[in-house]
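Residue-level structural notes
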Amino acid sequence: MRLRNVPGAREIMVENKYVYTEPEGMKGTWKEVFGNSNPIHIEVGMGKGKFITTLAGLNPNINYIGIEKYSSVLLRAVEKQDELQLENLRFIRMDAENITEVFDKDEVDRIYLNFSDPWPKDRHAKRRLTSRQFFARYNQFLRKEGRVEFKTDNVGLFDFSLEEVKEAGWNLICSTYDLHNDETLNKGNVMTEYEEKFSEMGNPICKLMADR
């Protein structure tokens, strides 16, 4: 997918009070950023932010941090947050590979991965956000009781992810290849932009939850 460059997006990210463009110095300080000790949930690869913004509005007692690599993609979420000004929502513009530099041990309570880049070539497998390499990263800052939730319409990526949960030494809590027809797992489901699009096309949505 070719990303559309939005002139001025990078500058907006630097100047916006809800966005951190150089977050490496934030490690261990997120409770202070939000001014409370509420649980912290993050979405890695948040896109335009509908999912995490909706969750932040529904759950004021949970702090949310959305992570996105591209300023032009993140811009939509930032503009929406400028309107809503949700006190429990912040954004980080960064490459997910550096995530362990941003969060300290036990600092995060839940990780959401939604419609992540499948990196289809085998040599790029370690870049997938559900690879064993990324599970090792999550292990460094996710609380012991925390979990990872992953959604995708890409069956190949989902099969890979199920195997990687096992190879990473994590526990598969539950999984489904058809989320919207799973009465239990679909309860309270918040859809992303991609989820709405793919569902309208008739693509089943896969979901898994994993913990340690």
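Use the structure listed above.
Nothing here was measured: the structure is a model prediction, and the numbers come from that model.

1. A few points about the overall build of the protein
Along the protein, the regular secondary structure elements total 7 helices and 8 strands. The C-alpha radius of gyration of the protein comes to 16 Å, within 12% of the 17 Å expected for a compact globule of 212 residues. If you line up the protein on its principal axes, its C-alpha atoms span 40 × 35 × 35 Å. Taken over 212 residues, the protein has a buried fraction of 47%. Contacts spanning at least 24 positions in sequence make up 75% of the contacts within the protein whose residues lie at least 6 apart. Of the charged side chains in the protein, 31 are positive and 35 negative; the average position of the first set lies 2 Å away from that of the second.

2. As for the sheet that holds strand β6 (residues 142–152)
Each strand in a sheet pairs with another by means of backbone hydrogen bonds, the pair being arranged parallel or else antiparallel. If you trace the 8 strands from one edge of the open sheet to the other, you get β1-β4-β3-β2-β5-β6-β8-β7, paired in mixed fashion. A single partner strand is all that each edge strand has here, and the edge strands are β1 (19–20) and β7 (171–176). Pairing between strand β2 (residues 40–44) and strand β5 (residues 108–114): 3 bridges, direction parallel. Among the inter-strand pairings, H41 is bridged to a residue of β5, identified as R110. Taken strand by strand, helix α3 (residues 50–58) contacts β2, β3 (63–68), β4 (89–93), β5 and β6, and its axis lies near 170° from that of β3. Sitting on the sheet, helix α5 (residues 132–141) is in contact with β2, β5 and β6, with an inclination near 145° to β6.

3. Brief notes about a positive patch on the surface
A contiguous patch of positive charge, built from K121, R123, K126 and R127, is present on the exposed surface. The residue R127 is located in the loop between β5 and α5 in this model. Its relative accessible area of 36% is what places R127 among the partly exposed residues.

4. Comments concerning the nonpolar core
Considering soluble globular proteins, one finds that nonpolar side chains tend to be buried as a cluster. Core analysis: the largest hydrophobic core is formed by 36 residues, its most contacted members being W30, I42, V44, F103, I111 and Y138. Every element with two or more residues in this core is listed here: α2 (30–34), β2, β3, β5, α5, β6, α6 (155–167) and β8 (206–211). For this core, the element with the highest residue contribution is α6, accounting for 5 residues. The contact partners of I42, leaving out residues within four places of it in the chain, are I65, I67, I99, F103, V108, R110, I111, Y112 and F141. Residues M13, F51, Y64 and L74 belong to the second largest nonpolar core, which totals 20 residues.

5. Describing the environment of K187
In this fold, K187 is placed in the loop between β7 and α7 (193–200). Linking K187 and R90, residues 97 residues apart in sequence, is a C-alpha distance of 26 Å.

6. Considering the environment of E149
Within the secondary structure layout, E149 lies in strand β6. Taking the relative accessible area as the measure of exposure, E149 reaches 7% and is therefore buried. Each C-alpha atom, one on E149 and one on C174, is 9.8 Å from the other, the two residues being 25 residues apart in sequence. Contacts of E149, omitting those with residues within four sequence positions, involve R110, I111, Y112, L113, K207, L208 and M209. There is a polar contact of 2.7 Å between the side chain of E149 and the side chain of R147.

7. Some words on the pairing of β2
β2 sits mainly inside the fold: 5 of its 5 residues count as buried. Alignment of β2 against β3, held across 5 bridges, turns out to be parallel. The partner of E43 across the bridge, within β3, is G66. Taking the sense of rotation as the criterion, the β-α-β connection linking β2, α3 and β3 turns out right-handed.

The rules we used
Residues numbered from 1 in each chain as written. Predicted model: local features only at pLDDT ≥ 70, side-chain atom pairs only at ≥ 80, totals over all residues. Heavy atoms only, no water. Helix = DSSP H or I, 4+ residues; strand = E, 2+ residues; numbered from the N terminus. Rg over C-alpha atoms; globule rule 2.2 N^0.38 Å. Buried < 20%, exposed > 50% of the residue type's maximum accessible area, 1.4 Å probe, protein only. Contact = heavy atoms within 4.5 Å. Lys, Arg positive; Asp, Glu negative; His and termini not counted. Charge placed at Lys NZ, Arg CZ, Asp CG, Glu CD. Pairing = 2+ DSSP bridges. Axes fitted to C-alpha atoms, helices over the stretch in contact; angles between N-to-C directions. Patch = residues over 30% accessible without salt bridge, like charges linked within 9 Å, V, L, I, M, F, W, Y side chains within 5 Å. Areas by Shrake-Rupley, 256 points an atom, 1.4 Å probe, with all protein chains shown as cover. Salt bridge = Lys/Arg side-chain N within 4 Å of Asp/Glu carboxyl O. Core = buried A, V, L, I, M, F, W, Y, C linked by side-chain atoms within 4.5 Å. Polar contact = N/O pair within 3.5 Å; in protein donor to acceptor, adjacent residues only side chain to side chain. Right-handed = clockwise from strand over helix to strand, strands pointing away.

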